[in-house]
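Architecture and fold: a report
Next come the chains, spelled out residue by residue.
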Amino acid sequence: MVARVRTVAFQGIDVLPVDAEVQIAQGIPAFTVVGLPDKAVGESRERVRGALTAIGLGIPLKRVIVNLAPADVIKEGSHFDLPIAIAMLIAMGALESDAVAPYAVLGELGLDGRINAVSGVLPAAIHAAGEALGLICPAAQGGEAAWAGEIDVVAPNDLIALINHLKGTQVLSPPEPRMAAERGRALDLRDIKGQETAKRALEVAAAGGHNLLMIGPPGSGKSMLASRLPGILPPLDPAEALEVSMIHSLAGSLTEGRLMRQRPFRDPHHSASLPALVGGGLRARPGEVSLAHLGVLFLDELPEFQRQSLESLRQPLETGRVTVARANAHVTYPARVQMVAAMNPCRCGHLDDAALACGKAPRCALEYQSKISGPLFDRIDLHVDVPAVAAADLSLPPPAEGSAEVAARVAAARAIQTERYRGTGIRTNAEADGELLDRVATPEPEGRKLLAQAVEKFKLSARGFHRVIRVARTLADLERSEGVKRLHVAEALSYRRIAPGR
């Protein structure tokens, strides 16, 4: 007899069906796992053995073969423990196969029979719903799986509770969908004195989902401004929350199985490696650019990042996805991020202050800023100088306008874009392209004339040309203007630098 239990494997955000097959046959006692298992799957035999011993069952002294089919798909992760254990119980006659047939199963086993949390429960639940199956998963992640819709979710704490439920001697309550708690009080723009130009650029970036680069001396408030961006962004809508939470579920970073409701804000240190930024490693995990999907990727001290790591961001910033190619995996993750970066004008940071600048100025500024390549620089929509704050500004009372007022304008502009791009798969002006961009954002005649002059004078690339139009469209949306006027084009051009170091 061969016992079969349905489970899943993951390739990026794609979920692949897998059958855990167990055969107990005569022969020399052995416990073998086949089907391209990684080390974590291979070690499952000891966890399964320990868990069954903890509930008073022993593995028969026979030849036990576990096959994870299809055999040509690499199996990674500890979530195969529970399906293997259940298939083992069916093969031993301790469970009926009909009781398990309507479910996909995943979970890690402790040696005492506990069922521990694993990554990927949310995408597995959505896959199971698409296959008209229920899901058996760890209790800690039942609330996560419940978001998959009308699906029968069984979320036991331990193996004994699951066996009793499947036999009908105990009934486990279905888990309720759970949302992450609201963050504490968001940092407020009212805390920042002066820097009105930078605040305006931050509002424009938030309204249209544009990339932003802030350049200024140390202590001018660049990081403070970036940390207040989440406070003016609109919350995730239900579809976006599900999309973002799927990625964080695969990464194993959903807190207590609760869906995210606020846009992610990721701020990796400048020592982060290329796999940490774009994804990769032995199991091709999502990187920071994917964990920031539909949110903000903040890169402080931009030139200090490894050049190879920065260049790897060019494709995700353009396409909204990242493909990780490895010898044993080829996976794609979504990466529609809003990149916000900050940097000093030179290594010492005091290029414009002769009293503090180093002896290499201004040559050091050219060398420092040239660490950012032209193609990456061209993908940044808004470039804004953040000068040192004057002592007179610091002594002023807090500004009257804070994050709440800016967030209201941003939400109104985003609502206009949602209605404009309904049914196109586009969320913000920053994503619009091609014929659609021409239709919704072509400036009025005076604006087109100004833009043509700017292209000729500043030698803007085709990418730079379209990014100016996108920013101008966002400026028009902030004013609730139907057309893109000359004033909007002029302001959009004011946020554009020609090349690094200039």
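For the structure, see preceding data.
Below: a short report on this structure. (Residues numbered from 1 in each chain as written. Predicted model: local features only at pLDDT ≥ 70, side-chain atom pairs only at ≥ 80, totals over all residues. Heavy atoms only, no water.)

Remarks on helix H19 (residues 434-441)
Helical geometry note: an α-helix holds 3.6 residues per turn, so side chains three or four residues apart project in the same direction. All of the buried residues along H19 are Leu 436, Leu 437, Val 440 and Ala 441. Across the axial projection of H19, the buried residues extend over an arc of 100°, all falling on one side. Opposite the buried face of H19, at more than 90 degrees from it, the exposed residues are Glu 435 and Arg 439. If you follow the buried residues of H19, they end up packed against helix H18 (403-420) and helix H21 (462-478). (Buried < 20%, exposed > 50% of the residue type's maximum accessible area, 1.4 Å probe, protein only. Helix = DSSP H or I, 4+ residues; strand = E, 2+ residues; numbered from the N terminus. Arc of directions from axis to C-beta. Contact = heavy atoms within 4.5 Å.)

A short note on the pairing of strand S15 (residues 338-343)
On any regular strand, side chains alternate: one points to one face of the sheet, the next to the other face. For S15, the buried fraction is high: 6 of the 6 residues fall into the buried class. On S15, burial covers both faces: Gln 338, Val 340 and Ala 342 on one face and Met 339, Ala 341 and Met 343 on the other are all buried. Pairing of strand S10 (residues 212-215) with S15 involves 4 bridges; the strand directions are parallel. The residue of S15 that forms the bridge with Leu 213 is Ala 341. Where strand S12 (residues 296-299) meets S15, 4 bridges bridge the pair, whose relative direction is parallel. (Pairing = 2+ DSSP bridges.)

A word on helix H3 (residues 81-91)
The buried fraction of H3 is high, at 11 of 11 residues. Within H3, the full set of buried residues consists of Asp 81, Leu 82, Pro 83, Ile 84, Ala 85, Ile 86, Ala 87, Met 88, Leu 89, Ile 90 and Ala 91. Just beyond H3, the residue with positive phi is Gly 93, at close to 85°.

A few points about the side chain of His 165
In this structure, His 165 sits in helix H7 (residues 159-167). From its side chain, His 165 meets the backbone nitrogen of Leu 172 in a polar contact 3.1 Å long. Filtering out sequence-adjacent residues up to four positions away, His 165 remains in contact with Val 154, Gln 170, Val 171 and Leu 172. (Polar contact = N/O pair within 3.5 Å; in protein donor to acceptor, adjacent residues only side chain to side chain.)

Things to note about unusual backbone geometry
Trans is the common state for peptide bonds, and a negative phi is the common state for residues other than glycine. With an omega dihedral of 5°, the bond running from Ala 69 to Pro 70 counts as a cis peptide bond. Structurally, the position occupied by Pro 70 is in the loop between strand S4 (63-69) and H3. The backbone of Leu 36 shows a phi angle near 55°, a positive value even though the residue is not glycine. Among the structural elements, Leu 36 can be located in the loop between strand S3 (30-34) and helix H1 (39-42). For Leu 36, a relative accessible area of 42% gives the class partly exposed. Non-glycine residue Leu 294 carries a positive phi angle of around 65°. Leu 294 gets classed as buried once you look at its relative accessible area, which sits at 7%.

Let's talk about the side chain of Ser 245
Residue placement: Ser 245 occurs in helix H10 (residues 238-250). Only 3.0 Å separates the side chain of Ser 245 from the backbone nitrogen of Met 260, close enough to count as a polar contact. Here Ser 245 is in contact with Leu 122, Leu 254, Leu 259 and Met 260, once residues within four sequence places are set aside.

Re the environment of Gly 134
Structurally, the position occupied by Gly 134 is in strand S8 (residues 134-136). Considered as a pair, Gly 134 and Pro 102 are 32 residues apart in the sequence and their alpha carbons are 6.0 Å apart. Among all residues touching Gly 134, those that are not within four sequence positions of it are Pro 102, Tyr 103, Ala 104, Ala 128, Ile 151 and Asp 152.

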